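Breakdown of the fold
The primary structure of each chain is shown beneath.
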Amino acid sequence: MSPQPRSRTRSAYVCTECGHRAAQWTGRCPKCQAWGSLSEQAAPTATVARKVAAGAPSTPARPISEVELDSAKARPSGVDELDRVLGGGLVPGAVVLLAGEPGVGKSTLLLEVAAQAAATRTVLYVTGEESAGQVRLRAERTGALHDRLYLAAESDLSSILGHVDALAPELLIVDSVQTMTSPEVDGTAGGVTQTRAVTVALTALAKERGLPVLLVGHVTKDGNIAGPRVLEHLVDVVLAFEGDKHSTLRMVRGVKNRFGPADEVGCFELQDSGIVGLPDPSGLFLARFGATQASAVSGTAVTVVMDGRRPLLAEVQALVAGSPMPTPRRAVSGLDSSRVAMLLAILERRGGIRLQDSEVYTATVGGMKVTEPAADLALAMAVASAKSDVALPPDLIVLGELGLAGEVRRVSGVRRRLAEAARLGFTHALVPPDSDAGGTGMRITEVSDVTQVLTRITGPKRTAER
């Protein structure tokens, strides 16, 4: 009788970005092309094939029409803007991954969620990033102290499970998943193996007990969620927490959501007293909100962009100045630089506006990032307004995408965009042809090409100088 083969181990190299395994170390991962991401780990080289025996099911299978819906009903978290992104609140047994850059405010937001939820249920907040005293100081500053909010400074998975057994919380927050380790798995904290094992264990705990779990995740220097890609597949909801370090505005953007829309956006403002939801953030993106014609300045235009399902008013600004240099400077902030270059070429070739000897600076207001093509026409009008030094009416909204031939193309959701603009006091709108923009109470003007639009600013079309 031949002896049973035994499992032997040897060195294997695992990519910390995508989880790819390689037999030898290389400077670049052959799968995701990340540099310096391969780390050495012990891996079995031989396995014994085993036949899995049939076992007794935990619950019998039932017709889908007989499955109760109570276990899938969302419960509000107490933070309205977060509930907006989640689809109404936290579903029992849901695992939510909140990822963002260091210092953006992830811990502050989740501490606020914990404090609001503690008013009606028991909450366990586990921190592996900070000490318990540091979290307590933040809680005092933000007013997040509550008798039903329990805090544990742990980094061991077994200790977390012990706290859950002792307290039986109705909400578990883990900050962060990359700092937690499982004693049954080899590897360092934050590695692919440990991160996957901890997430699998916490997901199983959530499903078994109907316990909603909020996980904080790190991001790489490219802005992607750190750890193996399978991490995003294991959880139910993936949220991206975004914000500019020079601005107080923060946005929670849904990336994946099994219980609601995956394209919703929640807006917050980071203050000294904590983080506050902004149900109406449009005013942050307008430099001259409520301005009159007397105070209007040239080089600005207002448009409405769709961030997920949310219409937001955005003001784009342009400054055109003469340049003694043979290659004038082009500076962009908050906009897509390649699209701005294309629009400047359209204005010069199709609109007859000479820009080849001028420096052009374009930006958005309030730190907002605008990449939607619906803002093309507004940016073109802002540049033309800056070039001719003629201010646009302060009650004017501009919508439309520009093609290379100078035509104004239709955009989606025009009626919804104009309804938001009308709510904030705008009365006149320039829109593409056949936009179905009736019923908003605004004065609508349809424009078909960029020449027709620029005539309102610069007068009749002039031939661009060669």
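The rules behind each value
Residues numbered from 1 in each chain as written. Predicted model: local features only at pLDDT ≥ 70, side-chain atom pairs only at ≥ 80, totals over all residues. Heavy atoms only, no water. Helix = DSSP H or I, 4+ residues; strand = E, 2+ residues; numbered from the N terminus. Buried < 20%, exposed > 50% of the residue type's maximum accessible area, 1.4 Å probe, protein only. Contact = heavy atoms within 4.5 Å. Areas by Shrake-Rupley, 256 points an atom, 1.4 Å probe, with all protein chains shown as cover. Lys, Arg positive; Asp, Glu negative; His and termini not counted. Charge placed at Lys NZ, Arg CZ, Asp CG, Glu CD. Pairing = 2+ DSSP bridges. Axes fitted to C-alpha atoms, helices over the stretch in contact; angles between N-to-C directions. Salt bridge = Lys/Arg side-chain N within 4 Å of Asp/Glu carboxyl O. Core = buried A, V, L, I, M, F, W, Y, C linked by side-chain atoms within 4.5 Å. Disulfide = S-S within 2.5 Å. Expected span 1.5 Å × (residues − 1). Parallel < 35°, antiparallel > 145°, perpendicular 65-115°, else oblique. Left-handed = near helix turned anticlockwise from the far one by under 90°. Nonpolar A, V, L, I, M, F, W, Y, C, P; charged D, E, K, R; others polar.

When helices and strands are counted, the protein shows 10 helices and 21 strands. Buried residues in the protein amount to 46% of all 466 residues. Expressed as a percentage of contacts within the protein between residues at least 6 apart in sequence, the contacts between residues at least 24 apart total 66%. Surface exposure of the protein reaches about 23200 Å², of which carbon and sulfur atoms provide 51%. If you average the places of the 50 positive and of the 50 negative side-chain charges in the protein, the two averages end up 6 Å apart.

Our next topic: the sheet that holds strand S7 (residues 171-175). The pairing of strands in a sheet happens through backbone hydrogen bonds and is either parallel or antiparallel. The mixed open sheet is built from nine strands, whose spatial order is S6-S5-S7-S8-S4-S9-S10-S11-S12. A strand with exactly one partner marks an edge of an open sheet, and here the two such strands are strand S6 (149-153) and strand S12 (274-277). With direction set aside, neighbouring strand axes in the sheet form an average angle of 25°. Across the face of the sheet, helix H4 (residues 157-167) comes into contact with strand S5 (123-127), S6 and S7 while running at roughly 165° to S5.

What follows deals with the pattern of salt bridges. Within the structure shown, the criterion is met by 20 salt bridges. Here Arg310 makes a salt bridge to Glu81, at a shortest N to O gap of 2.7 Å. With Arg310 in strand S14 (residues 310-322) and Glu81 in helix H1 (residues 80-86), this residue pair connects regions lying 229 residues apart in the sequence. What makes Arg310 buried here is its relative accessible area of 3%.

The amide bond that connects Asp175 to the next residue, Ser176, takes the cis arrangement and shows omega of 0°. Summarising the element assignment, Ser176 is placed in the loop between S7 and helix H5 (192-209). Positioned with a positive phi, Ala168 is a non-glycine residue whose angle comes to about 50°. Mapping Ala168 onto the fold places it in the loop between H4 and S7.

With that settled, the discussion passes to the side chain of Arg138. As for its position among the elements, Arg138 is in helix H3 (residues 132-142). Residue contacts for Arg138: discarding those within four places in its chain leaves Ser107, Thr108, Leu111 and Glu130.

What follows concerns the nonpolar core. Ranked by internal contacts, the top residues of the largest apolar core, which has 45 residues, are Leu347, Leu355, Met381, Val383 and Leu402. Those residues in contact with Met381 that sit more than four places away from it in its chain are Leu392, Leu396, Val398, Leu430, Val453 and Ile457. Listed in part, the 32 residues of the second largest apolar core include Leu98, Leu109, Ala139 and Ile173.

Here strand S9 (residues 237-243) pairs with strand S10 (residues 249-257) via seven bridges, running antiparallel. When the sheet's bridge partners are listed, Leu239 is paired in S10 with Gly254. The hairpin turn running from S9 into S10, its antiparallel successor, is five residues long. In this sheet, strand S11 (residues 265-271) lies alongside S10 in antiparallel orientation, the contact comprising five bridges.

Turning our attention to the state of the cysteines. What the rule picks out here adds up to zero disulfides. Here Cys15 stays unpaired: no disulfide links it, and the sulfur of Cys32, its closest cysteine neighbor, is 3.6 Å away. Assessed through its relative accessible area of 0%, Cys15 is described here as buried.

The next thing to look at is the side chain of Lys106. Take Lys106: it is sitting in helix H2 (residues 106-117). For the buried Lys106, which has no salt bridge, the nearest side chain bearing the opposite charge is Asp175, at an N-O separation of 6.7 Å.

For a regular strand, the rule is simple: side chains alternate between the two faces of the sheet. Where burial is concerned, most of strand S4 (residues 95-100) is hidden: six out of the six residues are buried. Side chains of S4 alternate between two faces, with Val95, Leu97 and Ala99 and Val96, Leu98 and Gly100 buried alike. Across five bridges, the pairing between S4 and S9 is parallel. Within the sheet, the bridge partner assigned to Ala99 lies in S9 and is Ala240.

Let us now look at H5. Under the 1.5 Å per step criterion, the end-to-end length of H5 is 26 Å for 18 residues, consistent within 8% with the ideal 26 Å. Among the residues of H5, Val192, Thr193, Gln194, Thr195, Val198, Thr199, Leu202, Thr203, Leu205 and Ala206 are the ones counted as buried. Just beyond H5, the residue with positive phi is Gly210, at close to 65°.

Where H2 meets H3, the axes come as close as 11 Å, and the angle between the chain directions of the two elements is 65°. Overall, the two elements H2 and H3 adopt an arrangement that is roughly perpendicular. Classified by chirality, the crossing of H3 by H2 is right-handed. Between H2 and H3, the residues in contact are Ser107, Thr108, Leu111 and Glu112 and Val135, Arg138, Ala139 and Thr142, respectively. Class assignment for the residues of the contact of H2 with H3 results in three nonpolar, three polar and two charged.

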